[in-house]
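One letter stands for each residue in the lines below.
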Amino acid sequence: MKYIIVFINALAITIYHLIFGDPVSVSANLPDNISAGKDFVIEMKISKAQVAGFAKLQVELPASFTASELESKGGSFSASGNIVKIIWTSVPSDAEVTVKMNISVPASATGDKQIQGKFSYIENNVKQQAEFGPLTIKLGEETNGSSEATPTPANTEAAQAFSKPNEPDASVSATRKITSLSTADNYEVMVMLKKGNIKGFAKLTEKIPEGYKAESVNNSGATFDFKEGEAKFIWTSISSEETLSLVYKLIPVGNAQKPAYLDGGEFSYIENDQTKKMSLDRQEIIDANASSQPIVVEVAKEETVAPVDGTSTTTQTAVEPVATTEKTPEPATTNTQATELAATTQASAPKNGNIYYAVQIGAFKNGVSAGSLQRKYALNESVKTEMNDGFTKCIFGKYNEYKVARDNRETVKYKGAEGAFVTAYNSGKRITVQEALMVSNQKWYK
């Protein structure tokens, strides 16, 4: 009886596979004919059913063919020789995953060529794999045909969608803030990414100066990777927050020369099955530790503010460069500290009178509702505004002790105001935090 039951079960599984096919399979859509010296796009559909966790797609190309990434659905793309791999630490939850890559054909290629591959995954702690190919393509004039019996839309359309991405939505933007750290030649880079309602896959790529490496400090839910001079933040499903803060360090390797610039980066995402890309401008790196130069810091960032009526209004802050040649108190080492000590007025305030401290949330070019900022960051104190040099500066609190102001600064930063810092006043006039600490005979706290 036991053998009969086993036989019936095996027969049932066999019949199921014959009728419905394997639950996990891979199909490839590519041209029937290709041209030497030109590129073409290959699209692979992975029907993965309930597969989750670690997975890998490996594609074997003809000799001398090379591949570049178009769409990896959050996987890590790599190409070595004619072997291409896309590896997921956690494969997307969709039952069907479609990836695309651009294939470059050498000018010397002749004759028929074959492409094959396999999708590997773990099921019940056992490695499984689904293979496809080998598929044959011919060297000749490229056509819109496919080696699959039922082709998806023409590959020429796919190439246009990915090689010539649409312009990003106007609501998507990114700004950088670069600050030198106390450690020799180390820098911290903060990218404020305003992403609006973008969902799903997204990627931020930053070009790292030669001789430096990048280490993630805050990745906002992304997978961080540094390789071959590029730092990448990759989201399989990007956070629902409208504004994200990404922070990484630039660390010299060996006797690297101090970089003068951080070259442009790129933020890409998928919208309506189209790839959209936004470039970040090249930016000068100011060495705030150089004693012969004034300290230049950015004290503003981009903020998304919800007004009273509940609608979404975006107000962009301005970069407010301020300079000071004063020495910072010990230990003057952190980014926030440098910002606080550089905040000053055009004229020095008298060194007697009423010293107090406050917290500045940001400086805005456009008008901003103080009440909406108070609600956004759930502040107990009311937010006040100051006009200075064409900027609306938003400030809250009036504290006799620096440490109390510092604690409130950390609280509001935790709530999302990454650029918040402590300011100081003497008889209602803004002075440097350093001067206030000296006059009030108080201790500086990190």
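Residues numbered from 1 in each chain as written. Predicted model: local features only at pLDDT ≥ 70, side-chain atom pairs only at ≥ 80, totals over all residues. Heavy atoms only, no water.

Engineer: Explain the overall build of the protein chain to me, using residue names and the numbers behind them.
Structural biologist: Scanning the protein chain from terminus to terminus reveals 6 helices and 30 strands. Long-range contacts, defined here as pairs at least 24 residues apart, represent 70% of the contacts in the protein chain between residues at least 6 apart. Accessible surface computed for the protein chain: about 22,900 Å², of which carbon and sulfur atoms make up 48%. (Helix = DSSP H or I, 4+ residues; strand = E, 2+ residues; numbered from the N terminus. Contact = heavy atoms within 4.5 Å. Areas by Shrake-Rupley, 256 points an atom, 1.4 Å probe, with all protein chains shown as cover.)

Engineer: An account of the sheet that holds strand 10 (residues 126-139) is requested, with residue identities and associated values reported.
Structural biologist: One open sheet accounts for 6 strands, arranged 2-10-9-4-7-6; its pairing is mixed. Each edge of the open sheet carries a strand with a single partner, namely strand 2 (33-34) and strand 6 (76-80). In the sheet, strand 9 (residues 112-123) pairs with strand 10 via 11 bridges, with the strands oriented antiparallel. Across the sheet, residue Lys118 finds its bridge partner in strand 10, namely Glu131. (Pairing = 2+ DSSP bridges.)

Engineer: Just give me the short version of the pairing of strand 10, but keep the residues and values in it.
Structural biologist: Alignment of strand 2 against strand 10, held across 2 bridges, turns out to be parallel. Paired with Asn33 across the strands is Lys138, a residue of strand 10.

Engineer: Can you break down the layout of surface pockets residue by residue, with the values?
Structural biologist: In this structure, the largest pocket spans a volume of roughly 870 Å³. Glu69, Phe77, Lys203, Lys232 and Ile234 are, among the 36 residues lining the largest pocket, the residues nearest its centre. When its residues are assigned to classes, the lining of the largest pocket shows 12 nonpolar, 14 polar and 10 charged. (1 Å grid on protein atoms, 1.4 Å probe; cavity = no way out; pocket = protein on both sides within 12 Å on 5 of 7 lines; lining within 4 Å. Points joined across faces, edges and corners; volume = space filled by probe spheres on them. Nonpolar A, V, L, I, M, F, W, Y, C, P; charged D, E, K, R; others polar.)

Engineer: An account of the nonpolar core is requested, with residue identities and associated values reported.
Structural biologist: If you look at the biggest cluster of nonpolar residues, it comprises 34 residues, and the most contacted ones within it are Phe40, Leu57, Trp88 and Met101. Contributing elements (two or more residues each) for this core: strand 1 (25-29), strand 3 (39-47), strand 4 (55-60), strand 7 (83-88), strand 8 (96-104), strand 9 and strand 10. Listed in part, the 28 residues of the second largest apolar core include Val172, Phe233, Trp235 and Leu244. (Core = buried A, V, L, I, M, F, W, Y, C linked by side-chain atoms within 4.5 Å. Buried < 20%, exposed > 50% of the residue type's maximum accessible area, 1.4 Å probe, protein only.)

Engineer: Run through the environment of Ile395, naming residues and quoting values.
Structural biologist: Within the secondary structure layout, Ile395 lies in strand 28 (residues 391-399). The sequence separation of Ile395 and Thr385 amounts to 10 residues, and the corresponding C-alpha distance is 6.1 Å.

Engineer: So, the sheet that holds strand 17 (residues 243-252): which residues are in play, and what are the values?
Structural biologist: Pairing within the open sheet is antiparallel, and its 4 strands lie in the order 11-12-17-14. Each edge of the open sheet is held by one strand with a lone partner, namely strand 11 (173-180) and strand 14 (212-218). Sheet twist, expressed as the average angle between the axes of neighbouring strands with direction ignored, equals 25°. Where strand 11 and strand 12 (residues 187-194) come together, 8 bridges link them in antiparallel fashion. Bridging from a neighbouring strand, Thr179 pairs with Glu188 of strand 12. (Axes fitted to C-alpha atoms, helices over the stretch in contact; angles between N-to-C directions.)

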